[in-house]
Number of protein chains: 2
Amino acid sequence: MAGPGQSALLTDLYQLTMLDSYWQTGMEDTATFELFTRRLPASRRFLLAAGLEQALDFLETVAVTDDELAWLESTGRFGGKFLDRLGQLRFTGDVWAMPEGTAFFPQEPVLRVEAPLPEAQLVESRLINLIHFPTLICSKAARCVLAAGGKTLVDFGMRRAHGAEAALFAARSAWIAGFAGTATVLAGQRFGLPIFGTMAHSFVQAHDSEAEAFEHFAAARPDGLVLLIDTYDVDRALDTVARLADGDTGLPVHVDAVRLDSGDLLTGARHIRERLDGLGRPEIGVFLSGDLDEYRLAELMDANVPASGFGVGTRLDTSADAPSIDFAYKLQSYAGRPRRKRSPGKATWPGARQVWRTLDSDGRLARDILGPAGGDEPGSPLLTRVMAGGRRVEPAESLDDCRSRAARELERLPTDLRSLELAREGWAPEISSELEALARATDQAFGY
Amino acid sequence: MAGPGQSALLTDLYQLTMLDSYWQTGMEDTATFELFTRRLPASRRFLLAAGLEQALDFLETVAVTDDELAWLESTGRFGGKFLDRLGQLRFTGDVWAMPEGTAFFPQEPVLRVEAPLPEAQLVESRLINLIHFPTLICSKAARCVLAAGGKTLVDFGMRRAHGAEAALFAARSAWIAGFAGTATVLAGQRFGLPIFGTMAHSFVQAHDSEAEAFEHFAAARPDGLVLLIDTYDVDRALDTVARLADGDTGLPVHVDAVRLDSGDLLTGARHIRERLDGLGRPEIGVFLSGDLDEYRLAELMDANVPASGFGVGTRLDTSADAPSIDFAYKLQSYAGRPRRKRSPGKATWPGARQVWRTLDSDGRLARDILGPAGGDEPGSPLLTRVMAGGRRVEPAESLDDCRSRAARELERLPTDLRSLELAREGWAPEISSELEALARATDQAFGY
């Protein structure tokens, strides 16, 4: 991603001040930071990790431009020595991470950075920013996928996503989670995603009649034709669609589906289905959009809505019921010494950590264990090294692989975690006895 | 803003398909589109317009790169003639808009585009995207400003904003609404905003003692020093702060404030205030952060919290209680003929429109009238022409001017609109009799 996202100044001011101090005092030993959530939003049972490729792109290229450096000098906040070093700063550390599409839970690190303290500190703000949002949307989209029972889902959210980058990342995350594709053209180009499109009300309005609008659109879009039927009057629009399909206006036109974008979607879809069948057009599908999310999808599916697919927009791209996750990037050790925070409600487990996952005999998630990274617990470790010395260890993973993993992970979730209803107790990893002992020893070593 | 945001492919696929049809059928007459909200989020009484400068930047520069064009060709969806024209497409239309910082209400157009139909249609998705998010955040930030009663507010939200662009735009919008500045360094560089910083828990943790951490930070940051005191134990940290201020570790250090970022902020701030006073340090302020928004700020201010300022992060940058606004960009007329949509719950008023605003004798908002743009109603018209033939009419407005306007607008709001509580009835413009007549005539002309 070109643009401001690769700037080392896309960070909080305190990171630069801390950097200045670390350099002044020679605190440049290796630090270990981990990215994890302390708790899940009230309406989430699990999260799916996403955004790793963009995070690694950032770490490989983060730098300050000459213009930015000149501006920083002009603020008078930093001295010449600091500015010289900042201008040359590159990220040279190692990174461990869960691959994209992996399901994870509170306290489990998604990503670990081991680097000289100033480097590891500077990248904090943007690293959180780059993992937080894609994970947020991938997790929301996964809930939509679970609710939609295999029906086609398309990301329609670009216009009300929070900016350009959010729109692109949302499309990518939704695809990893199992969406069929996105309406956002540039996401197709950037990430190789399938793109989908229907038509807008303005197209119908711009024509002097709806019939003319449909004919023109069919001429421009002979394949995969979806006609929007609620600009003026649904019944009249359906009659027009049927005439078009019957060839009354010339050659018969193959209409894939009609789209309804307003009113009560369940009642509307049933009415349209009945009417299309009555008009001898059972092959024309009904595509629904308008304020959809996993809750509404579940209601529609429970009511056996006669729909062939759904466009999910604003509520997906903004994760409307939970627009943020409590992601934090915490210092786990410095200079070989484990550290932890003890703030009320925000205490953390010290040291570099690993998650070991065990499945039961049905292939369902049975147990996660959180323990010190060097340890040996039953199960498969979820974090692997993806970057060494500031360079990727392997080429970027394909989005197909991420998507397959996400599908596998959703299948592995126990039934109560797949449900949209609140489970009585959230899933959490077991804390290994080694990690508990380390926390006690860390407090003691720091005199608390 | 460099990057994907200027690409004509940052749009919904249907825009390209409609473009194709418009070109094929020669529908290139002038279209009028307007951007407005149909209703406010349940927790909003007013909105403050923002994002206009970025929208005008986009319209002045929107284009397709050769790479993007080659990719689009490779999809096989569009013919050579279309691709040639798309490659040359530039926006050549006129734009009317409310200036940034203006308060507005449902149905009132924030922006009007008059351009050849294909151009006006293509820019829809990104135009909404560019006005929606900044307006969302400016409106949320204004509520925080009203709640904080003049205390310093700083945007801390970058890390959990939805991507890089969201972080930058949020900082800009918050400043227009009256925030003192932002922690996001790049927003300082891009928009000339004041930047603020404190310190992170990891800084304290990386040191072998909190005292050493505070000394090092004070050396790196002699002015505007804010020390974070809740990494381990607040009381011990305050003793350390007092010793530092007393000069026990060498020369006395000027500490501006201590920052509390966890636990119950009201109880914590009172305790800290008492203890600092007891330590003979009444001049050291208390800066609060952690899950703040306008509701929490109002509670704290009602309880007379002894705080000098607040950092407002995630809930501001995601507009957590209302992460989207129902913004739409609707065709108002084409080829000189007014148009409107009649979909259930989504019907619109036809034709180009203007808003006239009247103040009462106290300078408070008294009445808005929504009517046809050419008309003449009492009050001052809110939309002015900002772009002609695809170029700005005036240079970009200064952010200082936008900020002053926003402050004036907040003062003009009637008391019930300034309140965080739900007003019984939302504010809405009066519909002029001319506009009502035009709506009836439009329906009749289209046979409905």
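An account of the accompanying structure is given in this report.

1. Examining the overall build of chain A
Piece 1. Along chain A, the regular secondary structure elements total 17 helices and 19 strands.
Piece 2. The principal-axis extents of the C-alpha atoms in chain A amount to approximately 85 × 55 × 35 Å.
Piece 3. By the burial criterion, 56% of the 448 residues in chain A qualify as buried.
Piece 4. A fraction of 73% describes how many contacts in chain A between residues 6 or more apart in sequence connect residues 24 or more apart.

2. Some points on the environment of Val312 of chain B
All names here are of chain B.
Piece 1. Relative to the helices and strands, Val312 resides in strand S11 (residues 309-312).
Piece 2. On the basis of neighbour counts, which here come to 28 C-beta atoms within 10 Å, the residue Val312 falls in the buried class.
Piece 3. Along the primary structure Val312 and Asp293 are separated by 19 residues, whereas in three dimensions their C-alpha atoms are 6.5 Å apart.

3. Quick word on the nonpolar core
Piece 1. Counting residues in each nonpolar core, the largest one holds 285 residues, and the members touching the most others are Leu227 of chain A together with Leu227 of chain B.
Piece 2. Contact partners of Leu227 of chain B, with chain neighbours within four places excluded, come to Met199, Phe214, Phe217, Val241, Val255, Val258 and Arg259 of chain B.

4. Here's the deal with the interface of chain B and chain A
Piece 1. Contacts between chain B and chain A engage 86 residues on the former and 86 residues on the latter.
Piece 2. Among the elements that line the side of chain B that touches chain A, the one with the most residues is helix H1 (residues 13-25) of chain B, at nine residues.
Piece 3. For the side of chain B that touches chain A, a count of residues per class yields 42 nonpolar, 30 polar and 14 charged.

5. A closer look at the sheet that holds strand S15 (residues 365-372) of chain A
Residues and elements named next belong to chain A.
Piece 1. If you trace the four strands from one edge of the open sheet to the other, you get S16-S14-S15-S19, paired in mixed fashion. Strand pairing shows two members of the sheet lacking a second neighbour, strand S16 (380-381) and strand S19 (430-431), which therefore form its edges.
Piece 2. With two bridges connecting them, S15 and S19 associate as parallel partners. Among the inter-strand pairings, Leu370 is bridged to a residue of S19, identified as Ile431.
Piece 3. Helix-sheet contacts for helix H17 (residues 433-445) involve strand S14 (353-359), S15 and S19, and the interaxial angle to S15 is about 35°.

The rules behind these values
- Residues numbered from 1 in each chain as written.
- Chains lettered and ligands numbered in written order.
- Predicted model: local features only at pLDDT ≥ 70, side-chain atom pairs only at ≥ 80, totals over all residues.
- Helix = DSSP H or I, 4+ residues; strand = E, 2+ residues; numbered from the N terminus.
- Buried ≥ 20, exposed ≤ 12 C-beta atoms within 10 Å, placed from the backbone.
- Contact = placed C-beta atoms within 7 Å.
- Core = buried A, V, L, I, M, F, W, Y, C linked by C-beta atoms within 7 Å.
- Nonpolar A, V, L, I, M, F, W, Y, C, P; charged D, E, K, R; others polar.
- Pairing = 2+ DSSP bridges.
- Axes fitted to C-alpha atoms, helices over the stretch in contact; angles between N-to-C directions.

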